[in-house]
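Topology and contacts: notes
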Amino acid sequence: MDLPNRPRRLRRDGVRGLVSETSLDPSDFVAPVFVDATTDERVPIESMPGHERVPLDEAVARVEEVLETGVEAVMLFGIPESKDERGTRAYAESGVVQEATRKITSETDAYVITDICLCEYTSHGHCGVLEADASDDPDLTVENDETLDLLAKTAVSHAEAGAEMVAPSSMTDGMVAAIREGLDDAGFSDVPIMSYAAKYESAFYGPFRDAADGAPAFGDRRHYQMDPANRREAMREVELDAEQGADVLMVKPALPYLDVVADVRRNFDHPVAAYNVSGEYAMLHAAGEQGWLDVEATARESLLSIKRAGADLIVTYFAESVAESL
Ligand code: PBG
């Protein structure tokens, strides 16, 4: 048959690599690390096989394991020794993330990014300060503007401890501007902000909330995180963060929101990040345990698809295992 175009010509071994449009490299990945001030030994996270909460004394060792795989950046999450209404341990100089950051930045070459949110630190598990008596109110909401100051304080305390980048995830309106101003006033104008710019109210965060002990004690996060139904709104959210000085724009979760990743890529020239979240990790592992899916192959394909959609970097629990397999 006389066919002028035969795409299969370029699918042979030898030429495939030359025409490949997307590739994965360990330097694309950020590995989340959980540091737990309530334990003195490593605690496996059941719903996230292969991941654990580590005590402060093990934080450096844990990060060294990540670096051995070729991954160069970590994102730190903390489980504090105590929680209260205003999440004061989030911005304490002796807080768990602050202590871990000091150790990791002085003893390793890892690039340390810290998550900026109050949900792991508040007794009610919400991402900011609550409106008065909100616990009786099904329409509860977080007091937006009062939370801004606490987020800025948290970011400054992380930068003082040595954090190289901060990543606000609380979906508070104005958070990027407040944090930028706080960092600049404290002399940290070189510390970039990776904003969780389009963060959806997603059921895929389930395993993380076990891992970081940050589930809301009542209600949900639909008043501050985005509605999964909305795609155009994401462009407005991202635009606001870009105007406020975000250096890297993140979409979260990743796989169920690749349309949004592609939109951000098309409309902005900032670096785009995607967060391949805990539920995306747990799904593949659960199927893998049943013998229904090959975890490594599906993980690699997932990360490739996130890059193909337009992400430059990926925060992923698969960072170490995929980096090792490349
Ligand atoms: C904190 C935060 C969450 C995640 C990252 N930062 C949880 C949430 O918003 O409930 C989720 C990460 C994951 O599921 O892997 N706000």
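Residues numbered from 1 in each chain as written. Predicted model: local features only at pLDDT ≥ 70, side-chain atom pairs only at ≥ 80, totals over all residues. Heavy atoms only, no water.

Another point: the packing of aromatic side chains. Taken as a whole and assessed by the stated rule, the structure comprises nine aromatic pairs. Summarising the aromatic geometry, the rings of F34 and F208 are spaced 5.7 Å apart at their centres and angled 55° between planes, so their arrangement reads as tilted. Residue F34 is found in strand β1 (residues 29-36), and its partner F208 is found in helix α6 (residues 206-211); the two are separated by 174 residues along the sequence. F208 carries the same exposure label as F34, and that label is buried. Through a chain of ring-to-ring contacts, the aromatic side chains of F34, F77, Y196, F208, Y275, Y281, Y317 and F318 assemble into a single cluster. (Phe/Tyr/Trp six-rings, centres within 6.5 Å; stacked < 30°, edge-to-face > 60°. Helix = DSSP H or I, 4+ residues; strand = E, 2+ residues; numbered from the N terminus. Buried < 20%, exposed > 50% of the residue type's maximum accessible area, 1.4 Å probe, protein only.)

What follows deals with the site of the ligand. Taken together, 17 residues surround the ligand, and among them K199, R209, K252, S278 and Y317 come closest. In this structure, an oxygen atom belonging to the ligand sits 3.0 Å away from a side-chain N or O atom of R221. Separating an oxygen atom of the ligand from a side-chain N or O atom of S278 is a distance of 2.7 Å. When the free accessible area of the ligand is taken as 400 Å², the share hidden by the protein chains comes to 100%. Because more than half of its atoms lie within 2 Å of the grid, the ligand is assigned to the largest cavity. In the shell around the ligand, the residues fall into eight nonpolar, three polar and six charged. (Near = heavy atom within 4 Å. Polar contact = N/O pair within 3.5 Å; in protein donor to acceptor, adjacent residues only side chain to side chain. Areas by Shrake-Rupley, 256 points an atom, 1.4 Å probe, with all protein chains shown as cover. 1 Å grid on protein atoms, 1.4 Å probe; cavity = no way out; pocket = protein on both sides within 12 Å on 5 of 7 lines; lining within 4 Å. Sits in = over half its atoms within 2 Å of the grid points. Nonpolar A, V, L, I, M, F, W, Y, C, P; charged D, E, K, R; others polar.)

By secondary structure assignment, the location of K199 is in strand β7 (residues 194-199). Among buried charged residues, K199 stands out as having no salt bridge; its nearest opposite-charge side chain is D115, 6.0 Å away. Among the polar contacts made by the side chain of K199, one reaches the main-chain carbonyl oxygen of S169 at a distance of 2.9 Å. If sequence neighbours within four positions are ignored, K199 has contacts with S169, M171, Y205, Q225, M226 and K252. (Lys, Arg positive; Asp, Glu negative; His and termini not counted. Salt bridge = Lys/Arg side-chain N within 4 Å of Asp/Glu carboxyl O. Contact = heavy atoms within 4.5 Å.)

Below, the discussion takes up the packing of helix α3 (residues 96-107) against helix α4 (residues 144-161). Contact pair α3 / α4: the axes reach a minimum separation of 8 Å and the direction vectors enclose 25°. With respect to each other, α3 and α4 are oriented roughly parallel. Note that α3 runs across α4; the crossing there is right-handed. Note on element contacts: α4 touches α3 through S157, H158 and A161, opposite V97, Q98, T101, R102 and T105. Among the residues making up the contact of α3 with α4, the classes are represented as two nonpolar, five polar and one charged. (Axes fitted to C-alpha atoms, helices over the stretch in contact; angles between N-to-C directions. Parallel < 35°, antiparallel > 145°, perpendicular 65-115°, else oblique. Left-handed = near helix turned anticlockwise from the far one by under 90°.)

Within this model, the largest pocket holds a volume of roughly 340 Å³. In this structure, the largest pocket is lined by P7, L10, R11, R16, G17, V19, S20, E21, T22, E301, L304 and R308. Looking at the lining of the largest pocket, the elements that each hand over two or more residues are α1 (16-19) and α10 (295-309). Among the residues making up the lining of the largest pocket, the classes are represented as four nonpolar, three polar and five charged. One number sums up the size of the second largest pocket: a volume of about 220 Å³. (Points joined across faces, edges and corners; volume = space filled by probe spheres on them.)

Purely geometric stuff here, so don't read any function into it on its own.
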